[in-house]
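Structural features, examined
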Amino acid sequence: MEPEKKGIGLPALVALVVSSSIGAGIFALTSNLSSGAAAGPALIAWVIVGFGILMLALSLSNLGNKRPDLEGIFTYAEDGFGHFAGFVSGWGYWLSAWLGNVAFATVLMSSLGYFFPAFKGGQNVPSIIVASIVSWILTWVVNRGVESAAAINAIVTICKIIPLLAFIVVGIVLFKGHIFTTDFWTNVASHAGRTDSIWTQVKSTILVLMWVFVGVEGATMMSSRARKKSDASKATIIGLISLLIIYVLGSMLPYGYMSQEKLATIQQPAMVYIFKDMLGTWGGAFISVGLIISILGSWLSWTMLPAETMLLMKKSKLLPPIFGRENKHNAPTFSLIMTGVLIQLFLLSLLFAKNAYTFALSLCTAAIVICYIFVGMYQVKYSWQHRSEKGSMGQMWIGVFATAFQVFGILMAGWQYLLLCLIVYVPGIFFYAKANKDNGAGHYLSKMEWVASIVITIAAIVGIVLLSKGLIAV
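Residue indices follow the written sequence of each chain, beginning from 1 at its first position. For this predicted model, a pLDDT threshold of at least 70 governs which residues receive local features, and a threshold of 80 or more governs which side-chain atom pairs are given and counted, while totals over whole chains, interfaces and linings are taken from all residues. Water and hydrogen atoms play no part in the side-chain values, which are based on all heavy atoms of the structure.

**A closer look at the side chain of Gln201**
Put simply, the rule reads: Here a helix means four or more residues in a row that DSSP labels H or I, a strand means two or more in a row labelled E, and each is numbered from the N terminus. Every residue pair with non-hydrogen atoms within 4.5 Å of one another is taken to be in contact.
Along the chain, Gln201 turns up in helix H9 (residues 198–211). Setting aside anything within four residues of it in sequence, one finds Gln201 in contact with Gly36, Ala37, Ala38, Pro41, Trp185, Thr186, Asn187 and Asp196.

Here you go:
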């Protein structure tokens, strides 16, 4: 029996999965869905994405049970495909984590705009000042100790779920079948006088649905601090089931309350203004408070995760020692401050971006798909290597489906954002090469690593060119 130890318990790990995933996305999801898809295609998209994310969660759970010695999602890539693959996966996860915080900042300020008009829209100077203050306060909290921050996060998770459950209950009570089935397959919101095919509608929703599940691996990332390693696997599955129920009901019930055309044009965050329409001004205020708590909880989670990633990458000798420097609370101070500075710089870009929230969530999702693909491939490889064991072939097919879904999702909806993410890989390769040399490898990069680095650099240049020509929207 695995000995009990001080650390993060199962409830806190489940809360980490839920809180890491439930941030701003669910509150804007109905509008994002309805602007591109009618109820029928939206349900098809949910089936596709739900299945794909389930395959990913089952892969994470299986690998967590079979390889409890591996700490952090990027170690699957390293163990299965080499040192450089571990760096590519880990750097992508770190990048995704702090980019998600920029998306949270935008919607947090928009939510405060419900009460204070100065913050309306979330992309002005007052918004950036307040968001910056919040970002550094959360950095300070995590710097005081990751495990205590996880305990705070568990409490915040309960507070954020209450308004979501209230919205779902009221949505069920006010649901009208005839509104839900009107134009069930036909998108009447995107293009006046033009009908999108069912597949076009489904494709338009894939990336935003993938975004709301970013964070499902939260328990895996914190497994090194778990009271029991097996709890991380359990937390992943319990958390995913909880998320699916909340997401599907929260995003689809409004289709039975308002017409799709009205939902698509409603002010963001959509859930705030839908609930206001349902129950009056106090309803909007109630959801706004829940949204603010929700974002702060997710922001706290995503302040822990990127710093933890860098700490683990240093332990795996993928980054120089300074990235793993810890304080007396065992918090990775240098990584926290470095990430905080990058978030601060990106926050300044909100003054120039047309739709900062969509841009940040697209980059965040594209970056993390790299990690997810490696998880799926490692699940396939590990299961094939142990194919003589009972159930291994079934686990292999789970890995195949998990990998195929992530590749499909990024090719269909976000390949251009993947190119932009690779721009940030270029300085990361420098740190990786230095870590190689410092750790006695005898070289900065091997021949194959040089080839991979050149390919990444060329792809990054292509991304810059497309961005400069306006072919990638910001």
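**Considerations on the pattern of salt bridges**
The following threshold applies: The salt bridge definition used is simple: a Lys or Arg side-chain nitrogen within 4 Å of an Asp or Glu carboxyl oxygen. A 1.4 Å probe rolled over the protein chains alone gives each residue an accessible area, and that area as a share of the maximum for its type sets the label: buried under 20%, exposed over 50%, partly exposed in between.
Scanning the entire structure with this criterion turns up 3 salt bridges. Its salt-bridge partner being Asp69, residue Arg67 comes within 2.6 Å of it at the nearest N-O pair. Overall, the relative accessible area of 48% leaves Asp69 in the partly exposed class. Ionic pairing is found between Arg67 and Asp79, a salt bridge with its closest N-O pair at 3.0 Å. Separated by 12 residues along the polypeptide, Arg67 in the loop between helix H3 (39–66) and helix H4 (74–81) and Asp79 in helix H4 bring together distant segments of the chain. Asp79 sits in the partly exposed class, given a relative accessible area of 39%.

**Describing a nonpolar patch on the surface**
Our working rule: What makes a patch is a set of residues exposed beyond 30% relative accessible area and free of salt bridges, joined within 9 Å when like-charged and within 5 Å when nonpolar (Val, Leu, Ile, Met, Phe, Trp, Tyr). Surface exposure here means Shrake-Rupley accessible area, sampled with a 1.4 Å probe, where a residue is shielded only by the protein chains that are shown.
Nonpolar side chains collect at one region of the surface, where Val125, Ile129, Ile133, Ile137, Leu351 and Phe352 lie side by side and expose about 620 Å² of accessible area between them. Residue class for Ile129 comes out partly exposed when judged on its relative accessible area of 49%.

**Remarks on helix H19 (residues 447–468)**
For the record, the criterion: Helix span, expected: 1.5 Å multiplied by one less than the number of residues in the helix.
Between the first and last C-alpha of H19 there are 32 Å, a value that for 22 residues agrees with the 32 Å anticipated at 1.5 Å per step. For H19, the elements touching its buried residues are helix H5 (83–112) and helix H18 (415–438). Directly beyond the C-terminal end of H19, a positive phi value near 75° is found at Gly470.

**Let's talk about the environment of Ser362**
Position of Ser362 among the secondary structure elements: in helix H16 (residues 356–385). You can call Ser362 buried: its relative accessible area is 4%. Separated by 263 residues in sequence, Ser362 and Leu99 have C-alpha atoms that sit 9.3 Å apart. Setting aside anything within four residues of it in sequence, one finds Ser362 in contact with Leu207 and Tyr417.

**Looking at the nonpolar core**
One broad rule of soluble globular proteins: the nonpolar side chains tend to lie buried together. Keep this limit in mind: Nonpolar core, defined: a set of buried Ala, Val, Leu, Ile, Met, Phe, Trp, Tyr and Cys residues in which side-chain atoms within 4.5 Å join the residues together.
Core analysis: the biggest nonpolar cluster contains 148 residues, and Trp46, Phe87, Trp211, Phe213, Ile274 and Trp299 have the highest contact counts within it. When near neighbours in sequence (up to four residues on either side) are disregarded, Trp46 contacts Leu29, Leu33, Phe51, Leu209, Val212, Phe213, Tyr247, Val248, Ser251 and Met252.

**Quick word on the packing of H9 against H16**
Two quantities define a packed helix pair, namely the angle between the axes and the distance from one axis to the other. Condition: Axis definition: a line fitted to C-alpha atoms, limited for helices to the stretch in contact. Angles are taken between N-to-C directions and run from 0 to 180 degrees. Here the word oblique covers every angle except those under 35 degrees (roughly parallel), over 145 (roughly antiparallel) and from 65 to 115 (roughly perpendicular). When residues are sorted by character, Ala, Val, Leu, Ile, Met, Phe, Trp, Tyr, Cys and Pro go into the nonpolar class, Asp, Glu, Lys and Arg into the charged class, and all the rest, Gly among them, into the polar class.
Packing of H9 against H16 brings their axes to within 9 Å, and their N-to-C directions diverge by 75°. Taken together, the axes of H9 and H16 are roughly perpendicular relative to one another. Contacts between H9 and H16 involve Leu207, Met210 and Trp211 from the former and Tyr357, Leu361, Ser362, Cys364, Thr365 and Val369 from the latter. Considering only residue class, the contact of H9 with H16 consists of 7 nonpolar, 2 polar and no charged.

**Structural notes on the side chain of Ser132**
Along the chain, the position of Ser132 falls in helix H6 (residues 125–143). Relative accessible area serves as the criterion here: at 10%, Ser132 is assigned to the buried category. Excluding its chain neighbours within four sequence positions, the residues that come into contact with Ser132 are Gln344 and Leu347.

**Looking at the packing of aromatic side chains**
To keep things clear, this is the line we draw: In summary, the pairing rule links any two rings of Phe, Tyr or Trp, Trp by its six-membered ring, whose centres are within 6.5 Å, and it sorts them by plane angle into stacked for under 30 degrees, edge-to-face for over 60 and tilted for everything else.
A complete count under the given rule lists 26 aromatic pairs for this structure. Taking the centre distance of 5.8 Å and the plane angle of 35° together, the rings of Phe87 and Trp91 count as tilted. Placement of the pair is Phe87 and Trp91 together in helix H5, with a separation of 4 residues, close to one helical turn. There is no split in this pair, since Phe87 and Trp91 are both buried.

**Section: the confidence of the model for the chain**
Note the cut-off: The predictor's confidence in any single residue is recorded as pLDDT, a number from 0 to 100.
On average, residues of the chain score 82 in pLDDT, and 90% of them reach the 70 mark or higher. Within the chain, the lowest mean pLDDT, 62, falls on helix H10 (residues 218–221), and the highest, 91, falls on H19.

**Thoughts on the packing of H5 against H18**
Put simply, the test is: A crossing counts as left-handed when the near helix is turned anticlockwise from the far one by less than a right angle, and as right-handed when that turn is clockwise.
Contact geometry of H5 with H18 gives a least axis separation of 10 Å together with a crossing angle of 130°. By the criterion of interaxial angle, the relationship of H5 to H18 is oblique. Relative to H18, the crossing made by H5 is right-handed. Only Cys421, Val424, Tyr425, Gly428, Ile429, Phe431, Tyr432 and Asn436 of H18 make contact with H5, whose side of the interface consists of His83, Phe84, Phe87, Val88, Trp91, Gly92, Trp94 and Leu95. Classifying every residue of the contact of H5 with H18 by side-chain character gives 12 nonpolar, 4 polar and no charged.

**Considering the environment of Ser135**
Along the chain, Ser135 falls in helix H6. For Ser135, a relative accessible area of 3% gives the class buried. It is 7.1 Å that separates the C-alpha atoms of Ser135 and Gly340, two residues lying 205 residues apart in sequence. In contact with Ser135, other than residues within four places in its own chain, are Trp299 and Ile343.

**Thoughts on unusual backbone geometry**
Even without being a glycine, Asp183 presents a positive backbone phi close to 50°. Among the structural elements, Asp183 can be located in the loop between helix H8 (177–181) and H9. Looking at Asp183, the relative accessible area reads 39%, which means it is partly exposed. One non-glycine residue, Lys317, lies in the positive phi region at around 65°. Mapped onto the fold, Lys317 is located in the loop between helix H14 (281–315) and helix H15 (333–348).

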